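Architecture at a glance
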Amino acid sequence: MAEENIKSLEELGEVAGTSSQAPVHEQKLDEHGRAYATGKRKNAIARVWLKPGKGQIIVNKKDYREYFARPVLQMILRQPLAAADRRDQYDIMCTVKGGGLSGQAGAVRHGISKALTYYEPELRPVLKKGGFLTRDARVVERKKYGKRKARRSFQFSKR
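Residues numbered from 1 in each chain as written. Predicted model: local features only at pLDDT ≥ 70, side-chain atom pairs only at ≥ 80, totals over all residues. Heavy atoms only, no water.

1. Focus: the packing of aromatic side chains
Here the distance between the centres and the angle between the planes together describe a pair of aromatic rings. Summed over all chains, the structure comprises 3 aromatic pairs. Seen from their ring centres, Tyr67 and Phe68 are 4.9 Å apart, and the 85 degrees between their planes marks the pair as edge-to-face. In this pair, the class of Tyr67 matches that of Phe68, namely buried. (Phe/Tyr/Trp six-rings, centres within 6.5 Å; stacked < 30°, edge-to-face > 60°. Buried < 20%, exposed > 50% of the residue type's maximum accessible area, 1.4 Å probe, protein only.)

This is the structure:
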């Protein structure tokens, strides 16, 4: 009988006992005052620690310019910091494993974005709009039986 009296979503919220407010994101820091996040891309997994500093980015105990030699990969790494306008405000320490260099750069970018939102929750809308918080789910398609690769067939021979 109570279902027939509900005429709007607000009334439904009152009946369910939930409020229609957006979730409030809070700052998440470890005991050392750092923000920690995990980033993923293809088969690469990056663990990222972010703390206030001079703008150093260390990847697997090397400077990011040394680890990612190609300028394109360095640019991918810096994208979330540029979008949030926080280029030289944080020191970032990452460990990354699995996949190739391109996947690793994407994983570090994803981790940096998540760590930024944990340290400064007000940056979330900017990074979300840029698409930095979305985990890119595209991975290599598996090889199928009766095929040469995932979709490529063996060469057809008429005779």
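2. Points about the side chain of Thr117
Tracing the sequence through the fold places Thr117 in helix α5 (residues 101-119). Within the structure, Thr117 has its side chain in polar contact with the backbone oxygen of Lys114 (distance 2.6 Å). Here Thr117 is in contact with Arg124, Leu127 and Leu133, once residues within four sequence places are set aside. (Helix = DSSP H or I, 4+ residues; strand = E, 2+ residues; numbered from the N terminus. Polar contact = N/O pair within 3.5 Å; in protein donor to acceptor, adjacent residues only side chain to side chain. Contact = heavy atoms within 4.5 Å.)

3. Some thoughts on the pairing of strand β2 (residues 44-52)
Across 7 bridges, strand β1 (residues 35-41) lies against β2 in antiparallel orientation. Considered in β2, the bridge of Arg41 is made with Ala44. The hairpin formed by β1 and β2 contains 2 residues between the paired strands, and Lys42 there has a positive phi angle of roughly 50 degrees. (Pairing = 2+ DSSP bridges.)

4. Some thoughts on the side chain of Glu120
Mapped onto the secondary structure, Glu120 falls in the loop between α5 and α6 (124-130). Polar contacts involving the side chain of Glu120 include one to the side chain of Arg86, which spans 2.9 Å. Dropping the residues within four chain positions of it, Glu120 is found in contact with Arg86 and Tyr90.

5. Points about unusual backbone geometry
Although it is not a glycine, Lys42 sits at a positive phi angle of roughly 50 degrees. Relative to the assigned elements, Lys42 resides in the loop between β1 and β2. Of note, the phi angle at Lys61 is positive, near 65 degrees, even though the residue is not glycine. With respect to the helices, strands and loops of the structure, Lys61 is situated in the loop between β3 (57-59) and β4 (62-63).

6. Examining the sheet that holds strand β5 (residues 90-97)
Remark on secondary structure: sheet strands pair via backbone hydrogen bonds, oriented parallel or antiparallel. On the basis of which strands lie adjacent, the open sheet formed by 5 strands has the order β1-β2-β5-β3-β4 and mixed pairing. Edge positions in the open sheet fall to β1 and β4, since each of these has one partner strand only. The strands that α5 touches are β1, β2 and β5; relative to β1, the one it contacts most, it runs at about 150 degrees. (Axes fitted to C-alpha atoms, helices over the stretch in contact; angles between N-to-C directions.)

Read these as spatial facts, not as claims about activity.
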